[in-house]
Amino acid sequence: MKFCADPSPLSVSAIQSALGLCSLGRDMHIHDEVLSTNTMALALVDSGANHGTIVLAEQQTAGRGRWGRSWFSPPKKNLYCSVILKEVYPKDRLSWIPLITGLAITQAIEELANLRPSLKWPNDILVGDRKLGGVLCESTPQGTRRRAIVVGFGINVNSRIEEFPEDLHLSSTTLAAETGRLYDRNHLAARILSNLEVHYERLRSQSLQEVRGPYLASCSTIGRQICIRLVNGEDIKGLALDIGRDGALRLAPSIEFPHAQKSSKEVMEIRSGEVVHVR
Amino acid sequence: MKSDQRKEIEELVQILTEQNLTEIEVQRKDLRIRVRRESPVTPTPSSPSASGSPKHGILPQVMVGAVDAEPSRYLTVTSPIVGTFYRSPSPDAGPYVEEGDLVKKGQVLCLVEAMKLMNEIESEAHGRIVKILVESATPVEYGQPLFLIDPLPGS
């Protein structure tokens with residue numbers, strides 16, 4: 001498979017013209033290189049950035065995942081983006097924001113590419129079992145003026161698998177590798193932001209089912225046998241049953257596990273950990 | 001009484017005597033521990049003094065179980081959500097705070113993660129971290145106490 005040169009650089013005007021009336025992205029910062037777009041966005045929150053401010057970068061030198069994991073972020077080919085959400089939301093739905101971000105991304109990819117990615121709970125974007133994108137959300141404290149949620153995502157768009165570190169070759173994929181063509185990252189960014197705004201507004205003002213239904217339709221974890229590795233290294237195996245009211249994964253464990261949070265004797269509610277889909 | 005409970009009570013009594021306090025109360029999901037000391041009317045050798053030698057003729061009293069809530073001089077920082085508690089921003093990084101540290105109002109003390117949303121939890125007051133009540137990378141419940149802070153006057 002041959003790829004031509006970088007199709008088009010990230011551009012504020014290209015993204016904003018595709019966004020139309022979307023309230024996200026009216027303030028937008030594009031950098032050639034950052035440590036991570038989330039780090040940059042958190043700094044902007046401290047200096048009073050508006051709701052909907054977007055940070056994009058052509059390259060991240062310290063792209064981050066959950067609790068110190070790194071995100072491979074080569075220059076000019078992929079999408080690294082963070083969104084600052086500041087407006088009031090129902091507090092008990094905050095933990096859905098990572099899930100609706102994953103949903104916004106899978107739907108944008110479906111709309112632009114002939115590809116149907118799925119979500120691995122809570123928000124890994126998969127094609128088959130390979131990771132196409134990931135989301136990391138960070139909230140700043142509640143008691144201060146800088147209360148905000150920074151929603152960060154990275155999507156492997158135009159890079160080739162061979163460019164990835166070898167240990168990621170089997171577990172990662174890119175849009176280009178899956179479909180044999182290159183994509184305009186400006187269009188993809190705009191589509192994701194538009195979708196995110198729609199789901200965010202539903203989350204704020206409508207019944208939970210308005211976001212839960214579409215999420216379940218995109219989530220490939222539910223109904224499967226899975227293994228969850230907790231941060232303390234403990235593995236929990238069981239059947240993924242459903243998504244709880246706060247976005248927790250409801251699991252019927254194969255055997256009893258004493259440390260997980262349970263809603264009843266039979267069902268555990270998982271709120272953090274790395275899910276592996278068992279074949 | 002389990003040995004880890006006993007150890008925790010001993011630690012609380014030590015704080016009580018070292019800081020010359022009269023009372024500490026810690027609440028968990030299903031357990032509330034209140035450690036209190038007062039001038040005894042008559043010295044009773046069988047008083048449950050868990051450790052240390054009481055200062056100023058004051059004996060520590062230990063109460064475990066359901067007790068009436070009374071105001072304590074310590075501020076308790078609780079978890080605003082159900083999730084996983086982290087003392088550091090990443091496994092390789094040092095902890096945000098240690099016991100004994102002075103913290104400012106608004107300073108980040110820890111993270112609580114739920115659904116890959118990393119929530120920074122901040123101190124509500126200027127003060128000293130008296131006790132960190134939860135181990136890193138363990139689950140916490142809504143409202144579970146995470147830190148005891150001894151607020152500085154005027155904060």
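Everything numeric in this text was worked out from a predicted model, so none of it was measured. (Residues numbered from 1 in each chain as written. Chains lettered and ligands numbered in written order. Predicted model: local features only at pLDDT ≥ 70, side-chain atom pairs only at ≥ 80, totals over all residues. Heavy atoms only, no water.)

A.B. asks: Which residues make up the sheet that holds strand β11 (residues 145-151) of chain B, and what values do they have?
C.D. replies: All names here are of chain B. Strand order across the open sheet formed by four strands is β4-β11-β9-β6, with antiparallel pairing between neighbours. The open sheet has two free edges, formed respectively by β4 (75-78) and β6 (102-103), since each of these has just one partner strand. Bridge count for strand β9 (residues 127-132) against β11 is five bridges, and the pairing is antiparallel. If you follow I132 over to β11, its bridge partner there is F147. (Pairing = 2+ DSSP bridges. Helix = DSSP H or I, 4+ residues; strand = E, 2+ residues; numbered from the N terminus.)

A.B. asks: Help me get a handle on the domain arrangement of chain A, residues and values and all.
C.D. replies: Residue and element names in this part refer to chain A. The assigned domain composition of chain A is domain 1 (12-218) and domain 2 (225-277). Once you take the C-alpha centre of each, domain 1 and domain 2 turn out to be 25 Å apart. With 13 residues of domain 1 at the interface, the matching set in domain 2 holds 16 residues. Counting the surface lost from both domain 1 and domain 2, the interface buries some 1300 Å², and carbon and sulfur atoms represent 51% of this. On the domain 1 side of the contact with domain 2, R66, K120 and W121 bury the most area, a combined 47% of that side's loss. Linking domain 1 with domain 2 are four salt bridges, by the criterion used here. Measuring nitrogen to oxygen at the nearest pair gives 3.6 Å for the salt bridge that ties R66 to E274. Counting only elements with at least two residues in the side of domain 1 that touches domain 2, the list comes to β5 (124-127) and α6 (209-218). Sorting elements by how many residues they give to the side of domain 1 that touches domain 2 places α6 first, with three residues. In the side of domain 1 that touches domain 2, the residues fall into seven nonpolar, one polar and five charged. (Domains from an automatic or database assignment. Contact = heavy atoms within 4.5 Å. Buried area = accessible area lost by both parts, 1.4 Å probe. Salt bridge = Lys/Arg side-chain N within 4 Å of Asp/Glu carboxyl O. Nonpolar A, V, L, I, M, F, W, Y, C, P; charged D, E, K, R; others polar.)

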